[in-house]
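# Geometric and topological summary
What follows is each chain in one-letter form.
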Amino acid sequence: MFSTMGPTEWLIIFLIILLVFGGSKLPGLAKGLGQGFREFKKAVHGEDEETQNKEIPEEKNPDIRIAIPQKNIEKFKEVLLYVLKKVGGKPNIGMTVLYKLLYFIDFDYYEKFEENLMGATYIKNHHGPTSVELGEILKEMQEQGEIEAVKSPYFKYLQKKYLPRKRPNLDILSAREIEHIDDVLARLSDKNATEIENYSHEDIPWKSARDGKPLSYESVFYRNERYSVRNYDDEL
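Backbone phi values are negative for most residues with the exception of glycine, while trans is the configuration of most peptide bonds. Even without glycine at this site, Glu114 takes up a positive phi of about 55°. Tracing the backbone through its elements, the reader meets Glu114 in the loop between α5 (95-113) and β1 (122-125). The backbone of Phe155 shows a phi angle near 60°, a positive value even though the residue is not glycine. In this structure, Phe155 sits in the loop between β3 (147-154) and β4 (157-164). Among the residues examined, Phe155 registers a relative accessible area of 72% and is labelled exposed.

Where α5 contacts helix α6 (residues 134-143), the two axes come as close as 12 Å, and the packing angle between them is 110°. With respect to α6, the axis of α5 lies roughly perpendicular. Taken as a pair, α5 and α6 cross one another with a handedness that is right-handed. The segment α5 lies against α6, with Met95, Tyr99 and Leu102 engaging Leu134, Gly135 and Leu138.

Running from N to C, α5 and helix α7 (residues 175-188) point in directions that differ by 125°, and their axes come no closer than 10 Å. Judged on the interaxial angle alone, α7 and α5 are oblique. Remark: the crossing between α5 and α7 carries right-handed chirality. On α7, the residues that touch Leu101, Phe104, Ile105, Asp108, Tyr109, Lys112 and Phe113 of α5 are Arg176, Glu177, His180, Ile181, Asp183, Val184, Leu185, Arg187 and Leu188. Broken down by class, the residue content of the contact of α5 with α7 amounts to nine nonpolar, one polar and six charged.

What follows concerns the pattern of salt bridges. Pairing between side chains becomes possible if they bear opposite charge and their charged atoms approach one another. Tallying each qualifying case throughout the model produces 16 salt bridges. The salt bridge partner of Glu140 is Lys77, with a shortest N-O separation of 2.6 Å. Taken together, the residues Glu140 in helix α6 and Lys77 in helix α4 (residues 73-87) connect sequence positions 63 residues apart. Take Glu140: its relative accessible area is 31%, and that puts it in the partly exposed class.

This part is about the confidence of the model for the protein chain. Averaged over the protein chain, the pLDDT score is 82; the fraction of residues at 70 or greater is 69%. The secondary structure element of the protein chain with the lowest average pLDDT is helix α3 (residues 49-53), at 44, and the one with the highest is α7, at 98.

Quick look at the nonpolar core now. When a protein is soluble and globular, its nonpolar side chains tend to lie buried together. Membership of the largest hydrophobic core comes to 44 residues, with the highest contact counts inside it found for Val79, Leu80, Val83, Leu101, Leu102 and Ile181. For this core, the secondary-structure elements that each account for two or more residues are α4, α5, α6, α7 and α8 (193-201). Looking at this core element by element, the count peaks at eleven residues for α5. Non-local contacts of Val79, meaning those with residues more than four positions away in its chain, are made with Leu102, Ile105, Leu117, Met118, Leu173 and Ile181.

One pass over the structure, following the stated rule, counts eleven aromatic pairs. On the numbers, 5.7 Å between centres and 80° between planes, the contact of Phe107 with Tyr122 is edge-to-face. Here the residue Phe107 occupies a position in helix α5, and Tyr122 occupies one in strand β1, the gap between them amounting to 15 residues. Overall, Phe107 belongs to the buried group, its relative accessible area being 0%. Looking at Tyr122, the relative accessible area reads 1%, which means it is buried. Measuring from centroid to centroid gives 4.8 Å for Tyr154 and Phe155, while their planes differ by 75°, and the two rings are edge-to-face. One aromatic cluster in this structure is built from Tyr103, Phe104, Phe107, Tyr110, Tyr122, Tyr199, Tyr217, Phe221 and Tyr227. Over the face of the ring belonging to Trp206 we find Lys124, whose NZ or CZ atom lies 4.3 Å from the ring centre.

The rules we used
- Residues numbered from 1 in each chain as written.
- Predicted model: local features only at pLDDT ≥ 70, side-chain atom pairs only at ≥ 80, totals over all residues.
- Heavy atoms only, no water.
- Helix = DSSP H or I, 4+ residues; strand = E, 2+ residues; numbered from the N terminus.
- Buried < 20%, exposed > 50% of the residue type's maximum accessible area, 1.4 Å probe, protein only.
- Axes fitted to C-alpha atoms, helices over the stretch in contact; angles between N-to-C directions.
- Parallel < 35°, antiparallel > 145°, perpendicular 65-115°, else oblique.
- Left-handed = near helix turned anticlockwise from the far one by under 90°.
- Contact = heavy atoms within 4.5 Å.
- Nonpolar A, V, L, I, M, F, W, Y, C, P; charged D, E, K, R; others polar.
- Salt bridge = Lys/Arg side-chain N within 4 Å of Asp/Glu carboxyl O.
- pLDDT = per-residue confidence, 0-100.
- Core = buried A, V, L, I, M, F, W, Y, C linked by side-chain atoms within 4.5 Å.
- Phe/Tyr/Trp six-rings, centres within 6.5 Å; stacked < 30°, edge-to-face > 60°.
- Lys NZ or Arg CZ within 6 Å of the ring centre and 35° of its normal.

This is the structure we're talking about:
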């Protein structure tokens, strides 16, 4: 209706309002009409200021996996004793090889079973994945007489090694865990320091990490065929 009115009609309405209410009341009347129009508009469109200004919470993505390693220091010690008992006497098993064997035991187990075995933290350094916890654990176990440090000649160099002085408590390890450790040792324990270092540098968890930063357990699911230890075809 209002859209069809011309300037003459609006002028007549304005003069009638002026005569009825007087000039002094026009500002207040205009303000009231404007406020009423705004309220009417909100009611029609279902809008209110609180709804418009309210922040909409972000929707969480249920498909994103966040892995928090479940660290088990006691199991770490028993795995270490087991590894040293099985292969610690080999001439190639110095500190570099030992670090890498523990890394592959932990990360391969996570890829296979989506569970942590030891759950240790490994960082990316120049020589490959390195356990943050191993240094303190070796020191503690040496003080308690559970292992001993020796130096033996390996080619032209003296190599620091650790040998066990007690048997591992196999009650702490499951049959599945022992089988897994044996598999890793069978595959990798004959490599020398340079070979296993170079091998670890091509593994996705090491390649995808930043220098000096922890390696992500989740990255094992992006390994290529050379490194993957899980048969994904059987799960299809």
